[in-house]
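Residue strings, one per chain:
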Number of protein chains: 2
Amino acid sequence: MQELKERIVKEGKVLPGNIIKVDGFLNHRVDVSLLRSMAREFRGYFADKGVTMVMTVEASGIALAAIVAEEMGVPLLFAKKAKSDNIEGGLVKSEIYSYTYKKKVTLLVSAEWLSPSDRVLVVDDFMANGEAIRGLIEIVKQVGAEVVGVGIAIEKGYQGGGDRLREKGINVRSLAIIESAEPGKIVFREEQ
Amino acid sequence: MQELKERIVKEGKVLPGNIIKVDGFLNHRVDVSLLRSMAREFRGYFADKGVTMVMTVEASGIALAAIVAEEMGVPLLFAKKAKSDNIEGGLVKSEIYSYTYKKKVTLLVSAEWLSPSDRVLVVDDFMANGEAIRGLIEIVKQVGAEVVGVGIAIEKGYQGGGDRLREKGINVRSLAIIESAEPGKIVFREEQ
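Residues numbered from 1 in each chain as written. Chains lettered and ligands numbered in written order. Predicted model: local features only at pLDDT ≥ 70, side-chain atom pairs only at ≥ 80, totals over all residues. Heavy atoms only, no water.

**Section: the pattern of salt bridges**
1) Next: Counting across every chain of the model gives 35 salt bridges over all chains.
2) Next: Residue lysine 13 of chain A is joined to glutamate 112 of chain B by a salt bridge in which the shortest nitrogen-to-oxygen separation is 3.0 Å. Highlighted residues: lysine 13 of chain A in strand β1 (residues 13-15) and glutamate 112 of chain B in the loop between β7 (103-110) and β8 (119-127), drawn from two different chains.
3) Next: Classification of glutamate 112 of chain B as partly exposed rests on a relative accessible area of 45%.
4) Next: Close ionic contact of lysine 21 of chain B with aspartate 23 of chain B constitutes a salt bridge, the shortest N to O distance being 3.6 Å. (Salt bridge = Lys/Arg side-chain N within 4 Å of Asp/Glu carboxyl O. Helix = DSSP H or I, 4+ residues; strand = E, 2+ residues; numbered from the N terminus. Buried < 20%, exposed > 50% of the residue type's maximum accessible area, 1.4 Å probe, protein only.)

**Brief notes about the confidence of the model for chain A**
1) Next: This prediction gives chain A a mean pLDDT of 93; 96% of its residues lie at or above 70.
2) Next: In the predicted assembly, ipTM is 0.94 and pTM is 0.95. (pLDDT = per-residue confidence, 0-100.)

**Concerning helix α1 (residues 2-11) of chain B**
Residues and elements named next belong to chain B.
1) Next: Restricting attention to buried positions, one finds in α1 the residues Leu4, Lys5, Arg7 and Ile8. Within α1, the buried residues cover an arc of 160 degrees as seen down the axis, which keeps them to one side. For α1, the exposed residues set more than 90 degrees away from the buried face come down to Gln2, Val9 and Lys10. (Arc of directions from axis to C-beta.)

**Concerning the relation of the copies chain A and chain B**
1) Next: When chain A is brought onto chain B, the operation consists of a screw motion whose angular component is 180 degrees and whose axial shift is 0.0 Å, with 0.0 Å RMSD remaining. Accordingly, the operation relating the two chain copies is best matched by a two-fold axis.
2) Next: The fraction of interface residues of chain A whose copies in chain B are also interface residues reaches 100%, indicating that both copies meet through the same surface. (Least-squares fit on C-alpha atoms with pLDDT ≥ 70 in both. Contact = heavy atoms within 4.5 Å.)

**Some details on the packing of helix α3 (residues 62-72) of chain A against helix α3 (residues 62-72) of chain B**
1) Next: Close contact between α3 of chain A and α3 of chain B brings their axes to 8 Å; oriented N to C, the two are set at 65 degrees. Classified by the angle between their axes, α3 of chain A and α3 of chain B sit roughly perpendicular to one another. Crossing of α3 of chain A over α3 of chain B shows right-handed handedness. For the pair α3 of chain A and α3 of chain B, contact is made by Ile62, Ala63, Ala66, Ile67 and Glu70 of chain A and by Ile62, Ala63, Ala66, Ile67 and Glu70 of chain B, respectively.
2) Next: Residue composition of the contact of α3 of chain A with α3 of chain B, by class: eight nonpolar, no polar and two charged. (Axes fitted to C-alpha atoms, helices over the stretch in contact; angles between N-to-C directions. Parallel < 35°, antiparallel > 145°, perpendicular 65-115°, else oblique. Left-handed = near helix turned anticlockwise from the far one by under 90°. Nonpolar A, V, L, I, M, F, W, Y, C, P; charged D, E, K, R; others polar.)

**Some words on α3 of chain B**
Residues and elements named next belong to chain B.
1) Next: Within α3, 10 of the 11 residues are buried, which leaves it mostly tucked inside the rest of the structure.
2) Next: Along α3, the residues classified as buried are Ile62, Ala63, Leu64, Ala65, Ala66, Ile67, Val68, Ala69, Glu71 and Met72.
3) Next: Remark: glycine 73 follows α3 within two positions and exhibits a positive phi of approximately 75 degrees.

**Focus: unusual backbone geometry**
1) Next: Cis peptide bonds are those with omega within 30 degrees of zero, and the linkage from glutamate 58 of chain A to alanine 59 of chain A qualifies with 5 degrees.
2) Next: Considering the arrangement of structural elements, one finds alanine 59 of chain A in the loop between β4 (53-57) and α3.

**As for the interface of chain A and chain B**
1) Next: Tallying the contact residues gives 42 residues for chain A and 42 residues for chain B.
2) Next: When the buried area of chain A at its contact with chain B is split by residue, His28, Arg29 and Trp113 of chain A rank highest and sum to 19% of it.
3) Next: Where chain A meets chain B, there are four salt bridges.
4) Next: Of the charged contacts, one joins glutamate 70 of chain B and arginine 36 of chain A as a salt bridge, the two residues approaching to 2.7 Å between their closest N and O atoms.
5) Next: At the boundary of chain A and chain B, one finds 14 residue pairs in polar contact (both at pLDDT 80 or more).
6) Next: The greatest single-element share of the side of chain A that touches chain B, amounting to six residues, is contributed by α3 of chain A.
7) Next: Considering only residue class, the side of chain A that touches chain B consists of 21 nonpolar, eight polar and 13 charged. (Buried area = accessible area lost by both parts, 1.4 Å probe. Polar contact = N/O pair within 3.5 Å; in protein donor to acceptor, adjacent residues only side chain to side chain.)

**Considering the packing of aromatic side chains**
Residues and elements named next belong to chain A.
1) Next: With the rule as written, the count across this model stands at six aromatic pairs over all chains.
2) Next: Geometrically, the ring pair formed by tyrosine 45 and phenylalanine 46 is edge-to-face, given 6.2 Å between the ring centres and 80 degrees between the ring planes.
3) Next: Here the aromatic rings of tyrosine 97 and tyrosine 99 are separated by 5.0 Å at their centres, their planes lie at 85 degrees, and the arrangement is edge-to-face.
4) Next: With a relative accessible area of 33%, tyrosine 97 lands in the partly exposed category.
5) Next: The ring of phenylalanine 25 carries the charged tip of arginine 7 above its face, separated from the ring centre by 4.9 Å.
6) Next: Directly above the aromatic system of tyrosine 45 lies the positively charged group of arginine 173, at a separation of 3.7 Å from the ring centroid. (Phe/Tyr/Trp six-rings, centres within 6.5 Å; stacked < 30°, edge-to-face > 60°. Lys NZ or Arg CZ within 6 Å of the ring centre and 35° of its normal.)

**So, the pairing of strand β11 (residues 185-188) of chain B**
All names here are of chain B.
1) Next: Only one face of β11 is buried, namely the one carrying Ile186 and Phe188, since none of Lys185 and Val187 on the opposite face is buried.
2) Next: Strand direction decides the pairing type here: strand β10 (residues 172-182) and β11, joined by four bridges, are antiparallel. By the bridge assignment for β11, alanine 181 is matched with isoleucine 186.
3) Next: Counting the residues that bridge the hairpin from β10 to β11 gives two residues, and of these glycine 184 lies at a positive phi of roughly 85 degrees. (Pairing = 2+ DSSP bridges.)

**Side note on the packing of α1 of chain B against helix α2 (residues 32-46) of chain B**
Residue and element names in this part refer to chain B.
1) Next: Packing of α1 against α2 leaves a shortest axis separation of 10 Å and a crossing angle of 140 degrees. Considered as vectors, α1 and α2 are oriented oblique to each other. Across from Glu3, Leu4 and Arg7 in α1, the residues of α2 making contact are Leu34, Ser37 and Met38.
2) Next: Within the contact of α1 with α2, the residues separate by chemical class into three nonpolar, one polar and two charged.

**Some details on the environment of valine 150 of chain B**
Residues and elements named next belong to chain B.
1) Next: Relative to the helices and strands, valine 150 resides in strand β9 (residues 146-156).
2) Next: Judged by relative accessible area, valine 150 falls into the buried class, the value being 0%.
3) Next: Taking the C-alpha atoms as reference, valine 150 lies 6.1 Å from asparagine 171; in sequence the two are 21 residues apart.
4) Next: In this structure, valine 150 is in contact with Phe46, Leu121, Val122, Ile133, Ile137, Ile170, Asn171, Val172 and Arg173, ignoring residues within four places of it in sequence.

Written out as structure tokens, the structure reads:
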């Protein structure tokens, strides 16, 4: 998506450790009009998939996923990271490794809100190693529902998470795939 | 807001410890069309306040705040809770007590994204003791910007957080104020 790539080049910063900082428009201060443009792209990709639910994981994916859910006309369900005691029994869980926090994190969803007939579009703002997405897919599968697509704003192609999912036959669409990132030089994967 | 109150009565559950569970439409599975209706209410309240930024804190307020920001035509800025190392220097901080997690939590915002000329609408899905909102207001004041209003979906009136802010002259608008909650009987404050 050209608009997103231009914003990344113009406003993104590359920090040591392959961190691409886009906190001026995506995951701290959020340009919601850009989110709306992205949501329309995803609707174009997934409109014929019979999506019944958009899923993401707290926190930074929620803004994008909410706008995508509205665009698709379906509810949003966001997985929680284990810590609160406001969620009682009937949980579906998946353990992932968080490279951001450098520890294991358990993703939780109330079984009540996900049914075997759901056709889920998983959405997130970022994908690197793909652990969060893997956890969400695992949760959907546990209840017997289906992941009909994965929509990502920015994929770090060089970390391989997206390609590992594609190899498993999952329909992953990323609006910008970064192949390499050095200060002043960000290279995107060519769109197919 | 009648629509929200009806949803609380119909779908909310009262749990021990004054916990009102609305995770079927507000803070786990999210009915984004309801969020849009709420956002329009807030636009009605705050349209003439010259709002330049909507602020919230991760995680469950983000969906509502994103839709409100879009409705107001301004960016969203969400405070982070201290834990990630993806935010480097230049931080504005406020320490709050989280009754959910029963510990102190530091709210963080990059100073870069908030300027003294900002006129901020603070938005959250829930307010009980009002600690999160107090922390956000403190952050806005630290940079010399102004909080022109606070928009809350559900306020637990009996926990006093909203009234303490109103006594300080802050323009707090809650779409549903719960005065008492027992299983099967939720009483709302009369609208002024």
